[in-house]
Amino acid sequence: MPSKRPSSTYDINIKVDLIKKAMFQSDDIKTRTLYIQEMQCICIYLDSMVDKSSFEKNVFDPILHFFNSEHLKKIHKSDIFHRISSIIQSAEIKTEQKTQDIVQSLRHGNLILLIPGEKKAIIIPVPNTQNRTIAEPENEKIIKGSRDGFTEDLNTNVFLLQKRNKHENLVTKNFTVGRKAQTEARLLYIEDLVDHEVLKEIVSRLRNIKANKIQSSGELEEQIEDNSYTVFPQVLSTERPDRAQAYLSEGKIVLILDENPQVLVLPVTFFSFYQSPDDYNNRWFVGTFFRIIRLVSFIIAIILPSLYISVVSFHTEILPLGLLYALRVQTEFVPLTPFFEAITMQVVLELLKEASIRLPSPIAQTIGVVGGLVIGTAVVEAGLVSNVMIVVIALTAIASFVAPVNQMGTGVRLLAFPFMILSNTFGFLGLTASFTLLIIHLCKLKSFDRPYFYPLSPLDINGIKDSFVRSKK
Amino acid sequence: MSAAEPITKSQLFLLLIQVQIGFGILYLPNTLQQTAKSDGWISIILAGCTVQLVIVLYWLLLRRFPSLSYFELTKKILGAHLGYIFNVIIYIYLILTSTYILIASSKLVKNVLLTFSPHWAIGFLLLAVCIYLCSSNLQIIVRVFTILSVSIMFVILLSFLSFSLPIEVMNLTPVGSSGMSNIIKGLKESLLALYGFEIILFLYSSARHKGKTFLKVITFSNIFVVAITVYLTVIAFVILNPAMINQLKLPIVYMFRPLHFTMIDRIDLIFLPLWSIPVVMSIVVYIYFASHWKTTAPKKNNYFVYINGAIVYVLFLLASKSDQSFELYAKYLNSISYVVIFMIPFILLLFSYILKKKEHPS
């Protein structure tokens, strides 16, 4: 047979060479020859990206079985192409002609089938899907509620939402983001509930993304948010399908990026960050209590250190004599001013937190003991920091960790620094001024052209019923 | 989108009471002690009635031109040239008033809270907060005022604490003992404390509810402010004796001094920062309207806000340099405020009736 190689085989060999060249002779490219009615066809695939057992079973077996069966009459050459498309058991078969497109689909885990004499190549998806199983997210634990979480697979994530919405008109829109390396994204919303003005805005922002490559949902968030100069996240990212579902049924829009278990919810308000799916699984007044506790924690986390600083360094006369004496005795021999004391301890706290995040959990516990107990007590006994300051900083840290969404907690801890600086310069006036600035800032912020501080600004009494308290349904 | 959003009834109410409640009240018992003495509350009520009369006249003028801003209205009634001159006077008034509020507040803060802090720094902080808010639109401003009104409510709650102090109701009697002339003199002083209502002139075109509802809202806000002023003044009179009021420059702040609690010893130190924030924020409204003379693109108006902020800060530095300069400043402001608050609106009302100028609903 090699002696009378038809000219068309040359075509496909050239094509294979072209593809290999376009992929810089990567060793990952594998080829396989198969004969269909004595024609030499070539399959190309990326070894790591395809599921081999699947393509044996769903592609090769049917083809070989069909064409090599004895009672099959000789099919005309031009017909083979169509036949192959019809017998392969795969969902979406496409054809491509340009080498560039073929290379692209090769990279996405497709099998390329080249038939001599055909300009187009058959693209058969046989992706290697190695997915993490659906598990409860580590960083958003709840006490009562469902235990599933989003994974890195786009379709699994859509599935998790879709199955929660069997009775609603859930709409999915496909997007690709990034100019050069296009990442797949899905936009989900419930047709009857969504605010179409916001939807239009989001779609236009997604289309206008200028970045070349977007890989994480954090990057995507940065590209579409309203204001980058703020510590407040304007998009909520969650790994919990139940939380995403709760927002979907409120008329919010969910954005899922491929390879990202963090799903974005938009537009959100400030108060969304202080709600948890837990609230709705508890009795309503228990849920209300926890919501209020969380909002109080926000205020504690930002003003407690600055309140302490302004009292100690400006307005000690506000304290009754007994308390003043106790405080003075402690702070008298501390070498640092209350402001530097607070800043130092905040930084130490951040160090401890940062150190323990990356470490495996047994070592992280050691850090906790060494950092929290040993350093905490030793630093006071050594007379470097006053006892009250340790109490203040510890309370602040705990209060900032109360926020159910991590992004907000971190933002709040950062926010405490300007508060401390102003309180250290102007005392109570600095504290009230910085608090006013914060309120103004929150009122000015928008999330996709919707007020961020709703329902407090603009004031909506009915809205308050569901953000501050968890009202009975 | 939200730029064109009109102001609702409750927003208007809360905005007005915060602009109208000022530092004047804190000094009022002391100044009234020089004239009307224990009959001061009568003076305040009479002043409130005067204000009510004036705002009704404002309303009569404004309802003829429901969609025009005040600056457009003057031009419409008096023609382009005369209207322009009037607008300049109004602009100067707005700038001078905001500077005056800034000086008064920073003085107060310096006297009570931050004795060792420099004047310019306190003024800068307060002005910076105001400018930050001012560089947005009116809707955002009223939203912020709605939230900040909580601090006024909190202050009123604080004042209830003072009921635990010994109260001497006899301090108020005999009613009417100071005589009519003294009460009228007191009226003039109390009128100064109630200034701020002139901002109504600028708000009509942005309000959602016009006509009778608007009048109702501004009347209620006036009644509320007068009630608070009378309430605080009366408390000061019954808690402190006349000799003390004569001595104390800020009776309403100092009447909290005798209160002691196990955690907090000095309520007045909490009272003052809480009071000063809504008061200082009224600067925002003045600077906002001074900068939005012409309705141009929002970006450009922000530019004017920064310029006006700079002008206010320079004036603040100059006027607070010495007591003489401050007195001179107060004198000028006093005369221009008579012109802007009373004369100009009356002239406009008169002319609009004589010339039969009215906005035709299209």
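Calculation rules
- Residues numbered from 1 in each chain as written.
- Chains lettered and ligands numbered in written order.
- Predicted model: local features only at pLDDT ≥ 70, side-chain atom pairs only at ≥ 80, totals over all residues.
- Heavy atoms only, no water.
- Helix = DSSP H or I, 4+ residues; strand = E, 2+ residues; numbered from the N terminus.
- Rg over C-alpha atoms; globule rule 2.2 N^0.38 Å.
- Buried < 20%, exposed > 50% of the residue type's maximum accessible area, 1.4 Å probe, protein only.
- Contact = heavy atoms within 4.5 Å.
- Areas by Shrake-Rupley, 256 points an atom, 1.4 Å probe, with all protein chains shown as cover.
- Lys, Arg positive; Asp, Glu negative; His and termini not counted.
- Charge placed at Lys NZ, Arg CZ, Asp CG, Glu CD.
- Core = buried A, V, L, I, M, F, W, Y, C linked by side-chain atoms within 4.5 Å.
- Domains from an automatic or database assignment.
- Phe/Tyr/Trp six-rings, centres within 6.5 Å; stacked < 30°, edge-to-face > 60°.
- Lys NZ or Arg CZ within 6 Å of the ring centre and 35° of its normal.
- Buried area = accessible area lost by both parts, 1.4 Å probe.
- Polar contact = N/O pair within 3.5 Å; in protein donor to acceptor, adjacent residues only side chain to side chain.
- pLDDT = per-residue confidence, 0-100.
- Patch = residues over 30% accessible without salt bridge, like charges linked within 9 Å, V, L, I, M, F, W, Y side chains within 5 Å.
- Salt bridge = Lys/Arg side-chain N within 4 Å of Asp/Glu carboxyl O.
- Expected span 1.5 Å × (residues − 1).

1. Comments concerning the overall build of chain B
Thinking step 1. Helix and strand content of chain B: 15 helices and zero strands.
Thinking step 2. Against the compact-globule benchmark of 21 Å for 362 residues, chain B has a radius of gyration of 21 Å, which places it among compact chains.
Thinking step 3. For chain B, the residues scored as buried account for 57% of the 362 residues in total.
Thinking step 4. Partitioning the contacts of chain B with sequence separation of at least 6, the portion at a separation of at least 24 is 83%.
Thinking step 5. Approximately 15,300 Å² of chain B is accessible, and the part contributed by carbon and sulfur atoms is 70%.
Thinking step 6. Counting 26 positive and 11 negative side-chain charges, chain B places the centres of these two groups 13 Å from one another.

2. What about the environment of B:Ile156?
Thinking step 1. If you trace the backbone, B:Ile156 turns up in helix H7 (residues 138-161).
Thinking step 2. Owing to a relative accessible area of 18%, B:Ile156 belongs among the buried residues under this scheme.

3. Digging into the nonpolar core
Thinking step 1. The biggest cluster of nonpolar side chains holds 202 residues, and the ones touching the most others in it are A:Phe232, A:Phe270, B:Leu26, B:Trp275 and B:Met281.
Thinking step 2. Top contributing element to this core by residue count: helix H13 (residues 268-291) of chain B, with 17 residues.
Thinking step 3. Of the residues that make up this core, three or more belong to each of domain 2 (154-268) and domain 3 (282-467) of chain A.
Thinking step 4. B:Met281 has contacts with A:Thr436, A:Ile440, B:Val129, B:Cys130, B:Leu133, B:Phe145 and B:Leu148, leaving out every residue within four places of it along the chain.

4. A short note on the packing of aromatic side chains
Thinking step 1. Counted according to the given criterion, the structure contains 30 aromatic pairs over all chains.
Thinking step 2. Measuring from ring centre to ring centre gives 5.9 Å for A:Phe232 and A:Phe270, while their planes differ by 75°; the resulting arrangement is edge-to-face. With A:Phe232 in the loop between helix H7 (217-224) and strand E8 (236-238) and A:Phe270 in the loop between strand E10 (263-266) and helix H9 (278-281), the pair connects residues that are 38 residues apart, well separated along the chain. Here A:Phe232 and A:Phe270 have matching classes, each one buried.
Thinking step 3. Consider the rings of B:Phe163 and B:Tyr231, whose centres lie 6.5 Å apart with planes at 85°: the pair is edge-to-face. Residue B:Phe163 is located in the loop between H7 and helix H8 (180-193), and its partner B:Tyr231 is located in helix H10 (residues 212-239); the two are separated by 68 residues in the primary sequence.
Thinking step 4. A connected cluster of aromatic rings, assembled from ring pairs, spans A:Phe232, A:Phe270, A:Phe271, A:Tyr274, A:Phe298, A:Tyr452 and A:Phe453.
Thinking step 5. The side chain of A:Lys444 reaches across the aromatic face of B:Tyr132, ending 4.0 Å from its centre.
Thinking step 6. Positioned over the ring face of B:Tyr353 is B:Arg64, at 4.3 Å from the centre of the ring.

5. Examining unusual backbone geometry
All names here are of chain A.
Thinking step 1. A cis amide bond links Leu 266 to the next residue, Pro 267, at an omega of -10°.
Thinking step 2. With respect to the element layout, Pro 267 can be found in the loop between E10 and H9.
Thinking step 3. Here the residue pair Ser 457 and Pro 458 is connected by a cis peptide bond, since its omega of 0° sits within 30 degrees of zero.
Thinking step 4. Along the chain, Pro 458 turns up in the loop between strand E12 (450-451) and helix H16 (461-467).

6. Considerations on the domain arrangement of chain A
Thinking step 1. In terms of domains, chain A is made up of domain 1 (2-125), domain 2 (154-268) and domain 3 (282-467).
Thinking step 2. Distance between the C-alpha centres of domain 1 of chain A and domain 2 of chain A: 37 Å.

7. Examining the side chain of A:Thr156
Thinking step 1. Topologically, A:Thr156 is positioned in helix H5 (residues 154-162).
Thinking step 2. Residues contacting A:Thr156, with those up to four places away along its chain left out, are A:Asn131, A:Ile134 and A:Thr151.

8. Here's the deal with the interface of chain B and chain A
Thinking step 1. On the side of chain A, 33 residues touch chain B, which itself brings 33 residues to the contact.
Thinking step 2. Buried surface at the junction of chain B and chain A, summed over both partners, amounts to about 2,700 Å²; 77% is from carbon and sulfur atoms.
Thinking step 3. In terms of surface lost to chain A, no three residues of chain B exceed B:Leu125, B:Tyr132 and B:Ile147, which account for 22% of the buried area on that side.
Thinking step 4. Summed over the shared surface of chain B and chain A, the number is four residue pairs in polar contact (both at pLDDT 80 or more).

9. Quick word on the confidence of the model for chain A
Thinking step 1. The share of residues in chain A with pLDDT of 70 or more is 96%, and the mean pLDDT across the chain is 86.
Thinking step 2. When pLDDT is averaged over each helix and strand of chain A, the minimum, 73, is found for helix H3 (residues 77-87) of chain A and the maximum, 94, for strand E9 (residues 253-257) of chain A.

10. Quick word on a nonpolar patch on the surface
All names here are of chain B.
Thinking step 1. Among the surface-exposed residues, Phe 154, Leu 157, Phe 160, Phe 163, Ile 167 and Val 169 lie close enough to one another that they form a single nonpolar patch of about 570 Å² accessible area.
Thinking step 2. Position of Phe 154 among the secondary structure elements: in helix H7.
Thinking step 3. According to the relative accessible area criterion, Phe 154 is partly exposed, its value standing at 41%.

11. Describing helix H1 (residues 9-20) of chain B
Thinking step 1. The terminal C-alpha atoms of H1(B) lie 16 Å apart, and with twelve residues this matches the ideal 16 Å at 1.5 Å per residue to within 8%.
Thinking step 2. Against the buried residues of H1(B) lie helix H3 (40-62), H7, H8, helix H9 (200-203), H10 and H13 of chain B.

12. Overview of the pattern of salt bridges
Residue and element names in this part refer to chain A.
Thinking step 1. Considering all chains together, one arrives at 23 salt bridges over all chains under this definition.
Thinking step 2. The closest approach of N and O atoms between Glu 138 and Lys 141, which form a salt bridge, is 3.7 Å. The exposure classification of Glu 138 matches that of Lys 141, with both residues exposed.
Thinking step 3. Here Glu 184 and Arg 186 are joined by a salt bridge, their closest N and O atoms 3.2 Å apart.
Thinking step 4. Accessibility expressed as a relative area gives 9% for Arg 186, which makes it buried.
Thinking step 5. Overlapping salt bridges, with partners in common, bring together Glu 136, Arg 147, Arg 240 and Asp 242 in one network.

13. Comments concerning a positive patch on the surface
Residues and elements named next belong to chain B.
Thinking step 1. A cluster of like positive charges, contributed by Lys 9, Arg 63, Lys 212, Lys 216 and Lys 358, occupies part of the molecular surface.
Thinking step 2. Its location among the elements puts Lys 358 in the segment after helix H15 (323-354).
Thinking step 3. Accessibility expressed as a relative area gives 47% for Lys 358, which makes it partly exposed.

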